Amino acid sequence: MIIEALIAVTFLAALVTFVLPDRYAGKAAFALSLAPVIGSLYMWQQYDASGNALLGGNIAFETDVVWLQLGQYDLHWMVGVDGISMPLVVLTTILTTLAIVSAWTPIAERQSQFFGLMLLMEANLLGVFTALDFFVWFVFWEAVLVPMYFLIGVWGGPRRKYAAIKFFVYTNIASLVMFIGFISLVFGLGDSITSLRLPEIAQALQAGQLGSFAGLSAGALASVAFIAMFFGFAVKVPVAPLHTWLPDAHVEAPTPVSVMLAGVLLKMGTYALLRFNFTMLPETARAFALPIALLAVASVIYGALLALAQQDLKRIVAYSSVSSMGYVILGLIAYTTYGVGGATFQMVAHGLISGLMFMAVGVIYNTTHTRMVSDMSGIADRMPVTAGIFVAGAFGYMGLPLMAGFAAEFFIFKGAFESTVMEAMPLFTGAAMFGIVIVAGYLLFAMQRTLFGPFRFDGDYDVTEAPFHDVAPLAVLLLLTIVLGVSPDIFFTMIQDAVNPILELGGAF
Amino acid sequence: MAGILDFAPAIVLLPFLSFLIALGAGRYMPKGGALAGIGATAGSFVLSIATFFAVSGGQTYNQTIYTWAEGLDAINLTFGLLIDPLSSMMLVIVTLVALLVHVFSLGYMNDEGETGLPRYYAGLGLFTASMLGFVVADNLLMAFMFFELVGLCSYLLIGFHFRQDGPPSAAKKAFLVTRFGDYFFLIGVVAVFATFGSAAFAGPDAFPVLAEEALNGEHSVNTFLGMGEQAWFTVVGLLVLGGVVGKSAQFPLHTWLPDAMEGPTPVSALIHAATMVAAGVYLVARMYGFYVLTPTTLAIIALIGGFTALFAATMGVVKKEIKQVLAYSTISQYGYMMLGLGAGGYVAATFHLMTHAFFKALLFLGAGSVIIAMHHNENMWDMGGLKDKMPVTYYAFLSGSLALAGIVPFAGFWSKDEVLYETLIHGLGGSPILLAAYAMGLLAVFFTGFYTFRMVFLTFHGEPRSGTARDPHGVRWNVKGPLAVLGVLAATTGLVNMVPVEKLFGIEGIDFLHQFLDGSFSSLNAHHYAELIPYSSGYIGGEAGTVAIGAAVSLGFALGGAALAHVLYNVPEPVEHTDKLGSIKTVLYNNYYQDEYQVWIATGVVQPISRVLDKFDQGIVDGVVNGISSVSLFAGGRVKRIQTGVVSNYAALLTLGLTALLLGLGLLGGWFA
Amino acid sequence: MVPPQYYLLLSAAVFCIGIFGLLTRRNALLFLMSVELMLNAANINLVAFSYYWGNVTGQTFTLFTLALAAAEVAVGLGIILVLYRNFDGVDVTNATTMRW
């Protein structure tokens, strides 16, 4: 019941925040958001699952009741966590709390609505990561978009409407395609399933129950469904060339929303890819290894090169997210313990580090009201603490050892290099790894121009050190990044435990 | 058994502790945290000495102390300590130089009233700790991780004066260029894991041992891309070498090092003598058991080394700033070490690594002392005549210069001579590549002698050429002390390994370093490497004859260079003779336009590509997305015209629709058939 | 008994008159009357089939429809009044504000 309690408390917190006066909304939202944090940490402490939730593993905090009966298929309320979703639940709660704190300074109007929407989004995100029934999952999946749409569209920058609509429509179309793909799988399974519970579907697929549907043979149906679902999730990730909504959304979104978008919302895509495509249809995934690896490498290199061309600090970080998420795809297709495990680990690591970077850019923006690299230099002179954390975060993004990013990237590279899905995987891995040089390039250039050199600022604002509550979330994220980098086993053990059953299906062992 | 080696982790942890102290509490402490750093490095130094003697007594230590990532159904990634003769020697070098640099910093930073001292000492502490962690690493992954941390620290310290334009740029360049090398290194690490399933340097599953067994056919390993074992090992070796070339500033990734002179001088001493640049060469020595298995890699190492030695030495000839000369001499000297390693002279190269650490630290600290005296003017043409005003600095600097130039009996002579000797005999044994590398190395000796003494004469001899040189700023004990210690070491460390004397006069047992490095793990000692070396030896006039000829030739070249410098520059009013080189000088002064082409690659190739891609992304990729939405909007804009607002039209449409429906149903229902 | 075809023909004729009025007239009142004609065409059908099958459901339904038509006329006349007030007349083609 703890998951229901967690989601319910978060919804309730959102509701309370909505009706509070603006003056108290920020502080109250922070205080209320501590409840899910504590709840998720308690879950983590009590965590006792083993194996993969979809493949007959032992699911932690499982609830499974029939909710609605709808013809052939029962709709279940089924939630639970395993080693893949547990770290993401913890990430979601912690990052939301920190994002709420980071919103105290920049959000000046309609606070109670803003913070309420943030909490509403958190509740839906928790639902996405814990739901194990397709219907429940899909409701939460779509419901996440609604608060996000308003958060960008109301509190965003000058082109917020364009960005919000683009985000909403793009990801919604993707969801539709994904939905068609998945439902065709369900119809293909015919009478072998009686509900839309993901474990049941996954296990039926493994048992070879997939029949023909709409004139497609089982194999062709699997391929079509795989492509449709891959497209749907790839937009969310985003994988180049389906990424163009991301920079626009990031640039227009206020800092805390960018943090949530990069830190958690992108992980929905990779999480779903892992849960659906790579767990349910492993043979198909291996058959598509070449195009998927190509897409991964293209995302990494293309995203990094685009980041190099940007002048807006936020755009730089946004494009580098595309690059980082490319690594996740590379790890997933590797079908090795370190590859898929590293990809899952990268979801958490990138969540922390990209959150850190967006917040750091936001803190500078709060003071300077510009994000253009060319508008400033020598900021470190006036904002030494922020600059110090910015530098640390940037090095984390570059994959500095003993920070979470390196652990994740190294796991992925190691797993991808020794992958058996393709003869040429070492070449793809080597190509993708060149991303670590380009990422160093653009971040170092950006830091040199903005943070260092003689102080110069083309604006009328007084550049001084940020207040404590702006810097504190940065410090917490930095600390978490280092802790995870020094001791990745905190999450990596449970991740591997949940990931290994997938690999057995993929024929890696 | 609680031997002294069980305390080895403390060697690394102490400087790390000083980093934390300086970072957290440095601003509340006297001297900005320097004392914590001095205490920590002194502690590490004492422990290192104890470790060194324990290792001399035959003890070793090879333990996994932390499991970084535990694999389920996959291998574990671990941290561990490997203390053998090589690492214990390096520990002593690093801790000693770090200690002296900390003390020197009191004079260079604190006494000069610099701000940001806690940051500085924190950087030094982390730098030392990272390097020590790298030195004791027992596997390639851990080595890589600390290798990268060393890079981070170099970034932080080179860019210490971040309020100016130059240092941040130099710091960025240093990190970026070495990162480019590390990219290959990281692929190499991953490849080693994938090939051998282990990246340990020593122990039963050490990857060099597994590689050796694989080549002997006793054991099979994974190779990739359809390559044979020999070819694949060569590829892996070259990949790892990428990191070495970057960090040890070898051609073509040497360009970051001269720029790194923007950092405070004690940091330069640390970077050049003991930490960052040494890391690359140390890595090759560390996994030498792997490199000796692939002759192609060895030959490439030797060629890179010989070429870099000569290439950098020629650039050192024309520089104006004292630190620039030293920077190019560092590149050149590390070239010798690479040459020695590539030529099969494992002990010789290690020996040169040690002697170079002492004399290069000495020269940098001496230069630092001169720079304090000159009020931070580094131009040698403004100096002159400092000999009488700062005798301690002068004699220490002279000792270091004699060692650098390779004049008997100073340290540099013995080690450089041995490197060249090993190259010569293995070259004579039938390897024209090594002979070519030898020729380049030998020629570089001449240039080394010349630029070293040009620097000495311009700085200390002749008449003062500026007001500050006539009345220099004094330096205190904290500057003179480290100089004196290193001055003695630069003069004497050569005596630990007098191979030429042994060979010429038949005195057995004075090649202490050889004996030392022959000890410990059977797969990691010099003896084992000597057996695996893919070269044969050849001599001119017997072994003793070759020794004599080699030593005489290299000494002759060094003296020749020094003599030329003496003639040209040891005069009261020297003039810039290198101007006579004309356009050659321009090329040399601009470093053969190496920087230009690398900057061009970054700003002239990569940046335009990224801009074009950005246009492509905004125009085409996003254009398609926006295009689809425009098509929908356009179509919607057309279709909505049906909504005229005239009720009669709606009624007409309704009727038409009804009629169409009826007709359609009728056709399908077969009414008209 | 009159066969149901005749009723149906009558109903169709009334319906077509209604449609004709709807398509050709611009006066809102005539519109309303045309709509009533169409509605009653449907009612004829209901009554005719009810009579044919001997089942009173259709006739009952017609009563409901008549009540509904009365309500509709009330609403319709209200709309026409507003139309007259706002557009100076009862010509339906003048009121085109609710277009794209």
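Keep in mind that what you see is a predicted model, and the values were worked out from it rather than measured.

Trainee: I'm lost on the overall build of chain B in this one. Help?
Mentor: Broken down by element type, chain B carries 27 helices and two strands. The dimensions of chain B, computed from C-alpha atoms along their principal axes, are 125 × 70 × 55 Å. With 673 residues in all, chain B has 58% of them scored as buried. Sequence separation of at least 24 residues holds for 80% of the intrachain contacts in chain B that already meet a minimum separation of 6.

Trainee: Sorry, what's going on with the environment of G666 of chain B here?
Mentor: All names here are of chain B. Summarising the element assignment, G666 is placed in helix α27 (residues 647–669). Overall, G666 belongs to the exposed group, with 12 C-beta atoms counted inside 10 Å. Once you skip the residues sitting within four places of it in the chain, G666 turns out to touch W671 and F672.

Trainee: Can you walk me through the interface of chain B and chain A in this structure?
Mentor: Bring the parts together and some accessible area is lost; that lost area is often taken as the interface size. Contact with chain B, which involves 42 residues of that partner, is made by 45 residues of chain A. Ranked by residues supplied to the side of chain B that touches chain A, first place goes to helix α6 (residues 166–196) of chain B with 14 residues. For the side of chain B that touches chain A, the class distribution of residues is 26 nonpolar, five polar and 11 charged.

Trainee: It is not clear to me how the UniProt feature "domain: NADH:quinone oxidoreductase/Mrp antiporter transmembrane" (unreviewed entry) in chain B should be interpreted in this structure. Could you clarify?
Mentor: The sites that carry the UniProt feature "domain: NADH:quinone oxidoreductase/Mrp antiporter transmembrane" (unreviewed entry) are, in the present numbering, residues 137–423 of chain B. What you have in residues 137–423 of chain B is 72% helix and 0% strand, and the ends, taken at the C-alpha atoms, are 29 Å apart.

Trainee: I'm lost on the interface of chain B and chain C in this one. Help?
Mentor: Across the contact, 11 residues belong to chain B and 11 residues belong to chain C. Residue composition of the side of chain B that touches chain C, grouped by class: four nonpolar, five polar and two charged.

Trainee: What is the right way to read the UniProt feature "transmembrane region" (unreviewed entry) in chain C from this model?
Mentor: All names here are of chain C. Here, the residues flagged by UniProt with the feature "transmembrane region" (unreviewed entry) are residues 6–23, 30–54 and 60–84. Between the C-alpha atoms that bound residues 30–54 the distance is 35 Å, and the span itself is 96% helix and 0% strand. What you have in residues 60–84 is 100% helix and 0% strand, and the ends, taken at the C-alpha atoms, are 36 Å apart.

Trainee: For this particular structure, what's the right way to read the environment of G263 of chain B?
Mentor: Residues and elements named next belong to chain B. Considering the arrangement of structural elements, one finds G263 in the loop between α9 (256–259) and α10 (265–274). The class of G263 is buried, set by 26 C-beta atoms lying within 10 Å. Residues G263 and V485, 222 residues apart in the sequence, show an inter-C-alpha distance of 23 Å. In contact with G263, not counting residues within four places along its chain, are L157, I158, F160, P167 and S268.

Scoring rules and cut-offs
- All residue numbers refer to positions counted from 1 along the written sequence of the respective chain.
- Whichever chain is written first is A, and whichever ligand is written first is 1; the rest continue in order.
- Where local features are concerned, this predicted model is filtered to residues with pLDDT of at least 70; where side-chain atom pairs are given and counted, the filter is 80 or more; whole-chain, interface and lining totals use all residues.
- Secondary structure elements follow DSSP: runs of H or I of four or more residues count as helices, runs of E of two or more count as strands, with numbering from the N terminus.
- Burial is judged by counting the other C-beta atoms within 10 Å of a residue's own C-beta: 20 or more makes it buried, 12 or fewer makes it exposed, and any count in between marks it as partly exposed, with every C-beta position built from the backbone.
- Two residues form a contact once the distance between their C-beta atoms, set from the backbone, is within 7 Å.
- Asp, Glu, Lys and Arg are counted as charged, while Ala, Val, Leu, Ile, Met, Phe, Trp, Tyr, Cys and Pro are counted as nonpolar; the rest, among them Gly, fall into the polar class.
- UniProt positions are given in the numbering used here, feature names are shortened, and annotations may be inferred rather than shown by experiment.

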